[in-house]
Structures are given as structure tokens and as C-alpha cells.
Number of protein chains: 2
Amino acid sequence: MVTMRHLRYLVALAETRHFGRAAELCHVTQPAMSAQIRELEEMLGIDLVERRRGAIAITSEGEEIVRRAAAVVASVRDIEDLARQRQGVLVGPLALGIIPTVAPYLLPLCLATLRARHPRLEPRLRETRTTSLLAELAAGRIDVAILALPVDRPELETLALFTDRFLLATAADDPDAAAGPADAATIRPERLLLLEDGHCLREQALAHCRLASAANLATLGATSLTTVLQMVAAGYGVTLMPELVARAGFDDPRIVLRPFREPAPAREIALAWRAASPRRKDFQALGRLVTECWKAADGRAAA
Amino acid sequence: MVTMRHLRYLVALAETRHFGRAAELCHVTQPAMSAQIRELEEMLGIDLVERRRGAIAITSEGEEIVRRAAAVVASVRDIEDLARQRQGVLVGPLALGIIPTVAPYLLPLCLATLRARHPRLEPRLRETRTTSLLAELAAGRIDVAILALPVDRPELETLALFTDRFLLATAADDPDAAAGPADAATIRPERLLLLEDGHCLREQALAHCRLASAANLATLGATSLTTVLQMVAAGYGVTLMPELVARAGFDDPRIVLRPFREPAPAREIALAWRAASPRRKDFQALGRLVTECWKAADGRAAA
DNA sequence: CTCGACGATCGGATAATCTGATCGTCGATG
DNA sequence: CATCGACGATCAGATTATCCGATCGTCGAG
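Residues numbered from 1 in each chain as written. Chains lettered and ligands numbered in written order. Predicted model: local features only at pLDDT ≥ 70, side-chain atom pairs only at ≥ 80, totals over all residues. Heavy atoms only, no water.

This part is about the overall build of chain A. Assigned secondary structure in chain A consists of 10 helices and 9 strands. For chain A, the C-alpha atoms occupy an extent of roughly 75 × 45 × 30 Å along the three principal directions. For chain A, the residues scored as buried account for 51% of the 303 residues in total. A separation threshold of at least 6 residues defines the contact pool for chain A, and within that pool the share at least 24 residues apart is 75%. Accessible area of chain A: about 14,300 Å², with a carbon and sulfur share of 52%. (Helix = DSSP H or I, 4+ residues; strand = E, 2+ residues; numbered from the N terminus. Buried < 20%, exposed > 50% of the residue type's maximum accessible area, 1.4 Å probe, protein only. Contact = heavy atoms within 4.5 Å. Areas by Shrake-Rupley, 256 points an atom, 1.4 Å probe, with all protein chains shown as cover.)

Next up, the structure:
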């Protein structure tokens, strides 16, 4: 008789292609993993995995079984989620992924309110870039993500939260720090400081400055937005800073922030989740709350 | 952690609406059933079933969970079936339902061949009328059914096996037993003997004799085709006998069988299975074998 | 009021599963 | 060529989960 355990272990093994790591994912030891997989193979009468040195491989017959097993595991998780929904909105565990250029600035704006309004929610936060978030959403390792649009995956549903305009951040003593609205076209590429490759914010900034290649950019990308801003403050160049950073309380006397001329470059921040998830209501409630917090932070930024 | 056991038990309970009978379906005792259901309810934090005297009821929240649970249970069974398919065709357990006007005549024609060609097949046979067969197919209690077309269920797939013409069976000493092809229109309703209500063969016979109502039929329906034929032999009337019965070796000196004038009344015997089943190949192989046996029995009938 | 049907509950037995230790094998490395 | 490290297999013993059989409590029918 095939059990959920067999299927869960198999899915983990297919994801990691490694008995030890799969076992870890399932919070068991490697012998337990080995035993269950072998039992499943025996029951089905099929070799599901090829044991080889280095990385193991799922056999071609195994692939189909894995696909179905993953669907079953997801369905059962959906049943559990559905049940929790009946308990009320935003109750129980919620795995939330956020891109690194949003997390440190948005969370301070929202977490207190979230905790106050939904005390029974148990958020588990994860911070990675868009690519990983999308993969983890699909795999069901996170329930919902906060990232920048566009998200071009038909299996995901999105909910726009707010428009995050970019501001031009310049050192206060920079001769380029002219007053009045900035113009993206006037930014000299060799002065533009950006995050390292893989951050969507980097791509967006490049797009808005109409720079196709990063060939003649100032430096290799920085690891965090804070680092970039430190570099700006130290006079190494300029950057496009999301208004979100300002609303989160960023204020450095060495940096001048100027809005762009309309149409201002901006990114659209949104929630994304598996369309098949039964927790739509949770996500929509979360979305409303985030949008509300974003708006509430407007005054603070203006001040 | 929700297990397959929880889901299987829940589905059984939803089907039977009775702890004892559900337990029986799952081959466990009633306390085991009670414990698992209660555990599931506790895990999900939802009352799934209303314990009442007489028949229990699934709560409205429970209905949705049951629906999903049934889907999961079916998916897992499909995984097992899929795995068996890889072993070769017609291997392992196969639950086959057959209508009562086919089973006793078709089985002798096929079983020996089936057993010879597919020795590893473990057929589990069930004989009931079309309505039950369709329900059991849908519920997954049987894998495939042999019945008469038409089957008007979009979720089922069918494969026509052979056309089973009706013969007019008359007592040998009946004055109506004229030579030559018979004509359905000449059958006197009060002489027509039929099976009891619920058998598709009865409806087909009525349709072919252009008798809308059964108001002025000879008697209350009989329980089995053999009974009807005994009555014919005894001179109580006539009946429409499927050629299948003849091919199975039926031969009674007291009964004369005559073909009908073309277009002869007939029924189309077919296989039916859940379209979602991964065992199509099994069913098609079974279909080929049955058709072959039907054709092979032609000579015997003519002899 | 008594009885029967039904689901809940309990104690002891059993089977499934896990852990921790250890082994064997293969590829890389010096 | 010997050694080492990574990895999965295997085994014994401990731990849980699950089941069964017996029994109880409750409700409705007669």
C-alpha cells in the first residue's frame, strides 16, 4: 500500500537528487529515506532511481511517477490549507518569500501590524531573488512571494500591491546634484552604481536608463542595497533608489534624493502564489494589509 | 501529518455513511475507523462528520475535503496502476464488472483464453446491472465493465466489442413457430417474456418491439435469462434471446431460435472504464481478447 | 421499559518506522 | 598505488503508530 510518506520522500529525493539531503528535507535520517524509497520501488515493481556515484538520477519511468507523486503531495497540502482557511484568515503557518530589495524595507512597515491583527499567524520568512522564489513557489516550499512584476508564469496568480517609484540618489556634495526633477537619460553610465547580477532591481534600473548592456558600468555589482547607498554617500556615483527605502525611514544627510521627471521609472510590487492554492483569501488579506501599510508610510517619508 | 490512511478511511466513510460498514470496506474494525476519522478531524481542526443516530452525515466543510480526498486516493491508485502497466499488459489485479445478461455466457467463451494468455492477471469479477456498474466504475471500486451501449457518461471511455444480435426464441411446438426470419412487429405483447425491471436487455427488447409501456406484458419479469428461456420452453411465450447465449452453447430441443428480418434488433456490447485510468492498454488488450473469443465462438453456434 | 444499533473508549498486542552505528564501493588525491 | 571522503546500503534495537477485541453509553423503536 503506497503511503503519503513514500510519496513525500520520493518528491524530496527527486528535488535534491541526493539521499542525505532529501532525508534532511523530510526531517529524517538517510537510512529512513533509503528504506522508504526502496520499499516504494519494490511495491511498484519499478526502479525509480539510478544509484550512481556523485548525483543519483531518476529513471525515465520514475519521472512520470514523480510528477504524479508531486501532484498528490500538493493536493494533500491543499487539503490541509483548505482546512486552516475555515479557521479564519491568516491563521497558522505561512511561508513567505520576499526579494532582497524589498524585504528589509517593507517588513518594518508591515510586521507589527501583521502581528497585531493576525496574532495566530506563524510567518516563516525567506529572502531570495526572483528566480529562486518562483521555483520555490512552484515546488510549494513557500506559499506566497512578494516580488516585482512582471511575473510571466501561467501557473501563478499575482496581486499588485503598490507602485514603487525610483528616486535618484546622489551624494549631497556631488556637482551633478542639481535641484529639481531628475532625468534618467542624463545619468552617465560610468557613474551608475547597481546591485550584482540576478537582482531584478538591477535589470529595472538598466531598462529605465535605456542601457542595454552593463559593459561600461561603474563597478561590479554590490551585494545589498545598503552597500550601494553607502557607496553613493561616499561619492562613488549615483543610483536608482526605490521610494520604499525612503518610506522605511532611510535618511542620510550625505545623500540627496530627487524624484524623476514623469513618467518616473518605477517597479510594481506584487504578491504571487500558485493559482491552485486554496489560500487565496489569506493572500488577498495579506495583500490588503501590505498595501495599507505602504500607504500609511507615505506621511513618514514626506516628513 | 495527513496520511493516505486518513483519506482512504474518510472516503469510505463518506461512501457508506456508516462507521461499521466503512471499516469493513477498509478491512479494519470499527474502532480503527473511528480513531482515524477523529484524528483527521483534530488535525484539520474541522468537524468532518456529524455523528447522529441512524445515518451519519458529512458536514458541509467535510464535503469539500471528501471531494479532494477522493481525488487524492484515485491519483494514488492511478500511480499504482501506472507502475503495473510497466510490468506488461494484463498483469496483477483487475476488477471487472459484467452485466448479468452477459456474464454467464461470455465468461465461458473467454476465461480459459484469458488465463492462458495472461497467467499473471488476477481478475476479480462482479456481476450487477448497468446502473450499479457505472456507479462502481466512477467510485473506482471496479476498473472496467462489460455492458451494452450506449453509455452516456462523459467521464467514461468505451470500446465496442461486438454486436450481439437478438434471436426470437419460441417453443418448438408453438403454432407461431413459423419457419423463416422473424419480424419484431408481429410479436404479441402478451406473449413476450422479459427479465425484471432494471436489466438493460429488457429495455432493448421493448424498444425493438416498439412497445413503449410494459403495461400489457405477459408476466412480471423474471430474475435471470435462464428462467426466461425455461418459461419459453414450457410454452409460456416467446422472448428475444441474444445470440451470445447461443454462442455460449445454449441448445434446447424444446426451443426454436430464428433470426430476425434485417435490420435485426441487436445490442452493442462494449468495455467501459474511467477515462482518467492509466490502464487503457490493459483494457484495449482485454477488449481485443474478448472480441477474438466472440468471433471464435461463431462456428460453435452454427454447428 | 427493554432491546438493538451504533459509535466511543480502553488496554494490550503487533507491526511499521526511525535512529545510530557501521559497512562497502567508488572516485579523487597525493 | 594507497588513502581518504562521500554516499548509499544494511542491521539491530528502540520507539511509535495502529489495530483488535471487549466493553460502555446513548438514543430511538417497539
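What follows continues from the structure just given.
The subject of this paragraph is the relation of the copies chain B and chain A. Relative to chain A, chain B is turned by 180° and slid 0.1 Å along the rotation axis, the superposed coordinates differing by an RMSD of 0.2 Å. Such a turn and shift between the copies fits a two-fold axis. A high fraction, 100%, of the interface residues of chain B reappear at the interface in chain A, so the copies pair face to face through one surface. (Least-squares fit on C-alpha atoms with pLDDT ≥ 70 in both.)

Right, let's get into the packing of aromatic side chains. All names here are of chain A. Applying the stated criterion to the full structure yields 4 aromatic pairs over all chains. Judged by centre distance (3.9 Å) and plane angle (10°), the rings of F162 and W294 are stacked. You can see F162 sitting in strand β6 (residues 156–171) and its partner W294 sitting in helix α10 (residues 280–302), a full 132 residues away along the chain. Using a relative accessible area of 4% as the deciding quantity, one classes F162 as buried. On the basis of relative accessibility, which here comes to 6%, the residue W294 falls in the buried class. Taking 5.1 Å as the distance between ring centres and 40° as the angle between the ring planes, the aromatic pair formed by W273 and F283 counts as tilted. Of this pair, W273 sits in strand β9 (residues 266–274) while F283 sits in helix α10, placing them 10 residues apart in sequence. (Phe/Tyr/Trp six-rings, centres within 6.5 Å; stacked < 30°, edge-to-face > 60°.)

Quick look at unusual backbone geometry now. Excluding glycine, a negative phi dihedral is what most residues carry, and trans is how most peptide bonds are arranged. All names here are of chain A. Residue L149 is joined to P150 through a cis peptide bond whose omega torsion reads 0°. Along the chain, P150 falls in the loop between β5 (144–148) and β6. Despite not being glycine, L90 has its phi angle at roughly 55°, a positive value. Tracing the sequence through the fold places L90 in the loop between α4 (60–86) and β3 (92–98).

To continue, consider the interface of chain B and chain A. On the side of chain A, 25 residues touch chain B, which itself brings 25 residues to the contact. For the pair chain B and chain A, the summed buried area comes to about 2,200 Å², and 72% of that belongs to carbon and sulfur atoms. At the surface where chain B touches chain A, the tally comes to 0 salt bridges. Where chain B packs against chain A, one counts 4 residue pairs in polar contact (both at pLDDT 80 or more). Taken together, the elements giving at least two residues each to the side of chain B that touches chain A come down to α1 (4–16) and α4 (60–86) of chain B. Residues belonging to the side of chain B that touches chain A are distributed by class as follows: 14 nonpolar, 4 polar and 7 charged. (Buried area = accessible area lost by both parts, 1.4 Å probe. Salt bridge = Lys/Arg side-chain N within 4 Å of Asp/Glu carboxyl O. Polar contact = N/O pair within 3.5 Å; in protein donor to acceptor, adjacent residues only side chain to side chain. Nonpolar A, V, L, I, M, F, W, Y, C, P; charged D, E, K, R; others polar.)

Residue and element names in this part refer to chain A. Turning to its location among the elements, R267 is positioned in strand β9. Of note is the side chain of R267, whose polar atom sits 2.9 Å from the side chain of T101. Residue contacts for R267: discarding those within four places in its chain leaves I99, T101, V102, F162, T163, D164, F166, L201, Q204, P242 and L244.

Let us now look at the protein's contact with DNA strand D. As a matter of local geometry, DNA strand D sits amid 20 residues, with A:Q30, A:S34, A:R51, B:Y9 and B:T29 nearest to it. With respect to DNA strand D, the side chain of A:H18 contributes an N or O atom lying 3.3 Å from a phosphate oxygen. A distance of 3.4 Å separates a phosphate oxygen of DNA strand D from a polar side-chain atom of B:Q36. Of all the elements in the fold, those that place two or more residues in the surface near DNA strand D are α2 (19–25) and α3 (30–44) of chain A together with α1 and α3 (30–44) of chain B. Residue classes in the surface near DNA strand D are distributed as 7 nonpolar, 7 polar and 6 charged. (Near = heavy atom within 4 Å.)

Residue and element names in this part refer to chain A. Segmentation of chain A into domains returns domain 1 (4–84) and domain 2 (90–303). Each of domain 1 and domain 2 was reduced to a C-alpha centroid, and the two centroids are 36 Å apart. Each partner contributes to the interface: domain 1 provides 6 residues, whereas domain 2 provides 11 residues. Both faces considered, domain 1 and domain 2 share a buried interface measuring about 700 Å² in area, 46% of it formed by carbon and sulfur atoms. Summed over the three residues of domain 1 that lose the most area to domain 2, namely R77, D81 and R84, the buried surface amounts to 60% of that side. At the junction of domain 1 and domain 2, the tally comes to 3 salt bridges. One salt bridge in this structure joins D78 and R274, with 4.0 Å as the shortest N-O distance. Linking domain 1 with domain 2 are 1 residue pair in polar contact (both at pLDDT 80 or more). A per-element tally of the side of domain 1 that touches domain 2 places α4 first, with 5 residues. (Domains from an automatic or database assignment.)

Mean pLDDT over chain A stands at 87; residues scoring 70 or higher make up 90%. Confidence scores differ between elements of chain A, with helix α7 (residues 200–208) of chain A showing the lowest mean pLDDT of 82 and β5(A) the highest of 95. (pLDDT = per-residue confidence, 0-100.)

With that settled, consider the packing of α1(B) against α3(B). For any two helices packed against each other, the geometry comes down to the angle between their axes and how far apart the axes lie. All names here are of chain B. The contact between α1 and α3 brings their axes to 9 Å, and the two run at 110°. Classed by the angle they form, the pair α1 and α3 counts as roughly perpendicular. Across the interface between the two elements, R5, H6, Y9, L10 and L13 from α1 touch A32, M33, Q36, I37, E39, L40 and M43 from α3. Its residues placed into classes, the contact of α1 with α3 shows 8 nonpolar, 2 polar and 2 charged. (Axes fitted to C-alpha atoms, helices over the stretch in contact; angles between N-to-C directions. Parallel < 35°, antiparallel > 145°, perpendicular 65-115°, else oblique.)

Moving on, we come to the environment of B:V89. Residue and element names in this part refer to chain B. Secondary-structure assignment places V89 in the loop between α4 and β3 (92–98). Among the residues examined, V89 registers a relative accessible area of 33% and is labelled partly exposed. Each C-alpha atom, one on V89 and one on L286, is 9.2 Å from the other, the two residues being 197 residues apart in sequence. Among all residues touching V89, those that are not within four sequence positions of it are H118, K281, D282 and A285.

Once that is clear, we can look at the protein's contact with DNA strand C. Around DNA strand C, the structure places 20 residues, and the nearest of them are A:Y9, A:T29, B:Q30, B:S34 and B:R51. One nitrogen or oxygen atom from the side chain of A:Q36 is found 3.4 Å from a phosphate oxygen belonging to DNA strand C. Only α1 (4–16) and α3 of chain A together with α2 (19–25) and α3 of chain B provide two or more residues apiece to the surface near DNA strand C. Its residues assigned to classes, the surface near DNA strand C shows 7 nonpolar, 7 polar and 6 charged.

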